[in-house]
Amino acid sequence: NKASRELLVAEWHKRGMRDYMGLLTDAVSVGTFELTTAQHKELKGLKPQHSLRDNMTPIELTLTTLGEQATHEITKSTNTKDFREHYKVAEQGGRIAGDARRKIEAATNQQVVSKKNYLSANKKELADKDKDLGDMVKRLLGSPKEE
């Protein structure tokens, strides 16, 4: 996911789209999830400074990668130049991922976009394991005996 994002960002930078990255990213996101990145963060209960990617479920992350990779490949193959062309390509890349999302939803009868905060769930699980380990160490060492 990170590599795909970096390739797309580098391509946009190379083509003079640095000032439009947020708009282009949102075009991919809307095509994929029918949500802007800000709306997706809000759905997950994230603050603006939190990373959406770090909190996506694996399937959300996979679809994000698909949309960005498709956008990157289309940008290269069509030699996209101005903002309008880039925006149309970003929408197209997002639609490719959006089509995949809808097929997954139809096959599973479940929504892909989730309020579930994946990183938080993992952190909670790790914290629980850390607490269990800490309790075990305390039991092994025993509490100091009073004399």
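Just above sits the structure.
Residues numbered from 1 in each chain as written. Predicted model: local features only at pLDDT ≥ 70, side-chain atom pairs only at ≥ 80, totals over all residues. Heavy atoms only, no water.

*Asks:* In this structure, what is going on with the layout of surface pockets? I would like to understand it.
*Replies:* The method is simple in principle: a probe with the dimensions of a water molecule rolls over the atoms, and the space it marks as empty is what remains. Its boundaries defined by the atoms lining it, the largest pocket holds a volume of some 180 Å³. Along its surface, the largest pocket is lined by 13 residues, and T25, T37, R53, T64 and E68 are the ones closest to its centre. Counting residues per element, the ones that place at least two in the lining of the largest pocket are α2 (21-33), α3 (37-43) and α4 (58-78). It is α2 that contributes the most residues to the lining of the largest pocket, five residues altogether. Of the residues in the lining of the largest pocket, the class split is four nonpolar, six polar and three charged. (1 Å grid on protein atoms, 1.4 Å probe; cavity = no way out; pocket = protein on both sides within 12 Å on 5 of 7 lines; lining within 4 Å. Points joined across faces, edges and corners; volume = space filled by probe spheres on them. Helix = DSSP H or I, 4+ residues; strand = E, 2+ residues; numbered from the N terminus. Nonpolar A, V, L, I, M, F, W, Y, C, P; charged D, E, K, R; others polar.)

*Asks:* Would you take a moment to explain α2 for this structure?
*Replies:* At 3.6 residues per turn, the α-helix brings residues three or four places apart onto the same side. For α2, with 13 residues, the first-to-last C-alpha span of 18 Å sits near the 18 Å given by 1.5 Å per residue. When α2 is considered as a whole, its buried residues turn out to be M21, L24, T25, A27, V28, S29, G31, T32 and F33. Residues of α2 that are buried in the fold lie against α1 (2-14), α3, α4 and α5 (83-108). Following α2 by one or two positions, E34 has its phi on the positive side, about 65°. (Expected span 1.5 Å × (residues − 1). Buried < 20%, exposed > 50% of the residue type's maximum accessible area, 1.4 Å probe, protein only. Contact = heavy atoms within 4.5 Å.)

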